[in-house]
Amino acid sequence: MFNVILFGPPGSGKGTQSERLIAKYGLKHLSTGDLLRSEIAKQTALGLEAKKLMDKGQLVPDEVVIGMISSAIETNNQVPGFLFDGFPRTAAQAEALDKLLHLKKASIAIMLALEVGEEELVKRLMKRGETSGRSDDTNEQVIRARIAEYHAKTTSVADYYRQFNKVKMIKGEGSIDEIFDALSREIDSRL
Ligand code: AMP
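Our subject in this report is the structure included herewith. Just so we're clear, the structure is a prediction, and the values are computed from it rather than from any experiment. (Residues numbered from 1 in each chain as written. Predicted model: local features only at pLDDT ≥ 70, side-chain atom pairs only at ≥ 80, totals over all residues. Heavy atoms only, no water.)

## Side note on the site of the ligand
Surveying the vicinity of the ligand reveals 16 residues, the closest of which are T32, R37, Q58, G86 and R89. Residue R37 places a side-chain N or O atom 2.9 Å away from an oxygen atom belonging to the ligand. Contact with the protein chains hides 96% of the accessible area of the ligand, taken as 480 Å² for the molecule alone. With 4 residues, helix α2 (residues 32-41) is the single largest residue contributor to the shell around the ligand. (Near = heavy atom within 4 Å. Polar contact = N/O pair within 3.5 Å; in protein donor to acceptor, adjacent residues only side chain to side chain. Areas by Shrake-Rupley, 256 points an atom, 1.4 Å probe, with all protein chains shown as cover. Helix = DSSP H or I, 4+ residues; strand = E, 2+ residues; numbered from the N terminus.)

As structure tokens, then:
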């Protein structure tokens, strides 16, 4: 199994690049944001609770996303590998993911971290909000709260993988093709 984490702040292009990467490498895309939005669409109790936090730009509790990822890994046991997008977002989630993968005799091959400046992120997310239908993309205050949450909690995830020499920073500004090529080169070097 070949498992990749695509990492970066909201608006850094993880969704766009994920689509291309899964098409090229045949990986199963697991986005906790997408899984949560599908719970919201189905109006489950979990979705309704999560929505309150998501609407404020805050993270949902670790147990919730770890539970979702655990069942997604279980139900996809024939795939060549996973592309994790938007997960893990805390060091506790990273440790839990390592344990889940260890049970499958697997591990994370590489974390690819997209770097984009804050003003560019805000601009991209406000633009995405015009068409995405995502309530957390329409309010600048919520967008800035999500970016702040990323810096406060999520950058520790990169520190976690750095100790295993698994982090590669990628410039997330430029054309979609250029960024995709840079990501692909890193994956190819670890395949
Ligand atoms: P995303 O689509 O990845 O930008 O996620 C949208 C929102 O879902 C985030 O702002 C969080 O509220 C929540 N969320 C998604 N993934 C996670 C995660 N791994 N841990 C905690 N909250 C998450």
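There's more to say after this.
## Observations regarding the environment of D188
With respect to the element layout, D188 can be found in helix α8 (residues 176-190). Classification of D188 by relative accessible area gives partly exposed; the value is 40%. Spatially, the C-alpha atoms of D188 and L125 are 30 Å apart, while their sequence positions differ by 63 residues. Not counting residues up to four positions away in its chain, the partners in contact with D188 are K24 and Y25. A polar contact of 2.7 Å, which involves the side chain of D188, links it to the side chain of Y25. (Buried < 20%, exposed > 50% of the residue type's maximum accessible area, 1.4 Å probe, protein only. Contact = heavy atoms within 4.5 Å.)

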